[in-house]
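Chains, contacts and geometry: an overview
Each chain, written out:
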Amino acid sequence: MSDQFTSEIVFHRRMLQHSCLTDEPEKATGFYVPYYGGLDVGRYLWSGYSAERRDRVGSRLLEWLAEQRPWKRNRGLGHFMMIGRISWDFRRSRDEDWGSGLFHNPSMRNMTRLIIEKNPWEYMEMGVPYPTNFHPRSDTELMLWQSYIRSLHRGSLFSFAGARRSSFNNDFRGILLDQCQQAKRCRSLDCSNRVCDNNQRTLELFMSSIFCLQPRGDSFTRRSIFDCLLAGTIPVFFWHRSAYMQYKWHLPDEPGSYSVFISKHAIRNGTQIEDVLMAIPPEKVRRMREVVISMIPRIVYAASSLAMKHHQDAFDVSVEGVMRRFKEELHLSPEVA
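Residues numbered from 1 in each chain as written. Predicted model: local features only at pLDDT ≥ 70, side-chain atom pairs only at ≥ 80, totals over all residues. Heavy atoms only, no water.

1. Considering the overall build of the chain
A tally of helices and strands in the chain yields 12 helices and nine strands. Taken against the 2.2 N^0.38 rule, which gives 20 Å for 337 residues, the C-alpha radius of gyration of the chain at 21 Å falls within 12% of a compact globule. Summarising its shape, the C-alpha atoms of the chain cover approximately 65 × 50 × 35 Å along the three principal directions. Split into buried and exposed, the 337 residues of the chain put 54% on the buried side. Within the chain, residue pairs in contact and separated by at least 24 positions form 72% of the contacts whose partners lie at least 6 positions apart. Accessible area for the chain stands at about 16,400 Å²; split by element, carbon and sulfur atoms hold 51% of it. (Helix = DSSP H or I, 4+ residues; strand = E, 2+ residues; numbered from the N terminus. Rg over C-alpha atoms; globule rule 2.2 N^0.38 Å. Buried < 20%, exposed > 50% of the residue type's maximum accessible area, 1.4 Å probe, protein only. Contact = heavy atoms within 4.5 Å. Areas by Shrake-Rupley, 256 points an atom, 1.4 Å probe, with all protein chains shown as cover.)

2. Describing the pattern of salt bridges
If charged atoms from side chains of opposite charge come close, those side chains can pair. Taken as a whole and judged by the stated rule, the model has 21 salt bridges. Salt-bridge contacts for Glu24 lead to Lys27; the nearest nitrogen and oxygen are separated by 3.4 Å. Residue Lys27 is classed as exposed on the basis of its relative accessible area of 57%. Taken together, the shared-partner salt bridges in this structure form one network comprising Arg91, Arg113, Glu122 and Glu125. (Salt bridge = Lys/Arg side-chain N within 4 Å of Asp/Glu carboxyl O.)

3. Some thoughts on the state of the cysteines
Per the counting criterion, the structure on display carries two disulfides. Residue pairing for Cys180: its cysteine sulfur links by disulfide to Cys186, the two sulfurs lying 1.9 Å apart. Taking the sign of the S-S torsion, about -95° here, the bridge from Cys180 to Cys186 comes out left-handed. Across the pair, Cys186 and Cys180 agree in class, each one buried. Between the sulfur atoms of Cys212 and its disulfide partner Cys228 the distance amounts to 1.9 Å. Its S-S torsion of approximately -80° makes the covalent link between Cys212 and Cys228 left-handed. Here Cys212, found in strand 7 (residues 209-214), pairs with Cys228, found in helix 8 (residues 224-230); they are 16 residues apart in sequence, far enough to count as distant. For the pair shown, Cys212 and Cys228 are each scored as buried. (Disulfide = S-S within 2.5 Å.)

4. What about the side chain of Arg222?
Mapped onto the elements of the fold, Arg222 is located in the loop between strand 7 and helix 8. The side chain of Arg222 sits in the buried core without any salt bridge; Asp218 is the nearest counter-charge, 8.3 Å away. Among the polar contacts made by the side chain of Arg222, one reaches the main-chain carbonyl oxygen of Ala161 at a distance of 3.0 Å. Here Arg222 is in contact with Tyr130, Phe160, Ala161, Gly162, Leu213, Gln214, Pro215, Arg216 and Gly217, once residues within four sequence places are set aside. (Lys, Arg positive; Asp, Glu negative; His and termini not counted. Polar contact = N/O pair within 3.5 Å; in protein donor to acceptor, adjacent residues only side chain to side chain.)

5. With respect to the confidence of the model for the chain
Per-residue confidence for the chain gives a mean pLDDT of 92, with 97% of residues at or over 70. Between residues 333-337, whose pLDDT stays under 50, and residues either more than four places distant or in other chains, the model counts seven contacts. (pLDDT = per-residue confidence, 0-100.)

6. Observations regarding the pairing of strand 3 (residues 112-117)
With six of six residues buried, strand 3 lies mostly within the body of the structure. Summarising the sheet, strand 2 (residues 79-86) and strand 3 pair through five bridges and their orientation is parallel. The residue of strand 3 that forms the bridge with Met82 is Leu114. Note: strand 3 against strand 4 (residues 125-127), three bridges, orientation parallel. By the bridge assignment for strand 4, Arg113 is matched with Glu125. (Pairing = 2+ DSSP bridges.)

7. Considering the environment of Val260
Its place among the elements puts Val260 in strand 9 (residues 260-261). The spacing of Val260 and Phe237 is 23 residues in sequence and 6.2 Å in space, taken between C-alpha atoms. Ignoring any residue separated from it by four or fewer positions in sequence, one finds Val260 in contact with Phe211, Ile234, Pro235, Val236, Phe237, Tyr244, Leu277, Ile280 and Met288.

8. Considering the sheet that holds strand 6 (residues 186-190)
The sheet built from five strands is open, its strands ordered 6-5-7-8-9 with parallel pairing. For this open sheet the edge positions go to strand 6 and strand 9, each flanked by a neighbour on one side alone. On top of the sheet, helix 7 (residues 199-207) reaches strand 5 (156-162), strand 6 and strand 7; it is set at about 160° to strand 5, its chief contact. (Axes fitted to C-alpha atoms, helices over the stretch in contact; angles between N-to-C directions.)

9. Considering the sheet that holds strand 1 (residues 31-32)
Two pairing modes exist for strands in a sheet, parallel and antiparallel, and in both the strands are linked by backbone hydrogen bonds. Overall, parallel pairing links the four strands, which are arranged 1-2-3-4 in an open sheet. Both outer strands of the open sheet, strand 1 and strand 4, are each paired with one neighbouring strand and no more. Strands in contact with helix 12 (residues 314-329) are strand 1, strand 2, strand 3 and strand 4; relative to strand 3, the strand with the most contacts, it is inclined by about 140°.

10. Notes on the packing of aromatic side chains
Each aromatic ring pair is summarised here by two numbers: the centre-to-centre distance and the angle between the ring planes. In this structure the tally under the stated criterion is 16 aromatic pairs. Each ring, one from Trp145 and one from Tyr148, has its centre 5.8 Å from the other, and the planes form 50°; the classification is tilted. Residue Trp145 and its partner Tyr148 are located together in helix 5 (residues 139-151), separated by three residues, close to a single helical turn. Judged by relative accessible area, which is 18%, Trp145 ranks as buried. With a centroid separation of 6.5 Å and 85° between ring planes, the pair formed by Tyr244 and Tyr258 is classed as edge-to-face. On the criterion of sequence distance, the pair formed by Tyr244 in the loop between strand 8 (234-237) and strand 9 and Tyr258 in the loop between strand 8 and strand 9 is long-range, its members being 14 residues apart. Ring-pair connections join several aromatic residues into one group, and the members of that group are Phe11, Tyr32, Phe80, Phe315 and Phe326. The aromatic ring of Phe220 is capped on one face by Arg216, whose charged end is 4.2 Å from the ring centroid. Of note, Arg241 hangs over the ring of Phe220, and the distance from its end group to the ring centre comes to 3.8 Å. (Phe/Tyr/Trp six-rings, centres within 6.5 Å; stacked < 30°, edge-to-face > 60°. Lys NZ or Arg CZ within 6 Å of the ring centre and 35° of its normal.)

Here it is as structure tokens:
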């Protein structure tokens, strides 16, 4: 099983298998920095560690990088890293605040960051999918999964997996759970007792429904989005920053082709989700589901670089995007670089 914060390990393993690696820096187009920033800072987030302790490894890494010839040549352009936590965990402004100050380090200015949740207004960051538990070992295994979820009978119109946040005024997740429980064709999974730690139960819930509700999690994104897509289920979003402003390399350009958007304000003002979803014509629903199923290769991480020969997975899409970005950076003005 893949924990939601293990992207750095998955990515590093795939990079070591990449067919275009070279031992000659002068021939390299890009430089991958295998720093497990999320796993590093994750050790120190909840136990009262000092800002210096949280920043120590990242700061030492950047000091070392600054002395390397490829880094000096372009002031960090052409370098990238994978970060397995959200951007806000690395944007500490004051020592007493949450997280690491890594992204405020001047040396990070030109470093491209692949990250499971980006700052939508930061050019040097690009959102990449959370890891799911499905790592296809071949094109055949991938296509068998797509065929299987396409054939499923989906008895529920929509579903929701989440827990109430009773400490929040007008708790949005609570509103969704209430609507689901009152609807005729909705199934819910209450995650307050940690049953959602069993990812299999969440996936089975989504596989039984046509749509799945995807509000923001502790931050704007949640791994559940990708479990939903993996199940061939059409996601319903309430914040643009949950997906549309995040995963531009991996998701279709037209949000309406694979998802439904209902404003959080409309929900708070009484809009009934069941009414909105029931009004979507069946033929449009079928087309949307086909788009979702066709997206699956791009949002999962294959078991290895040799696993799939006829599909690009999330790793392939990410590296291809990074290489395109490096070509663009060559044309940046000195003021930007």
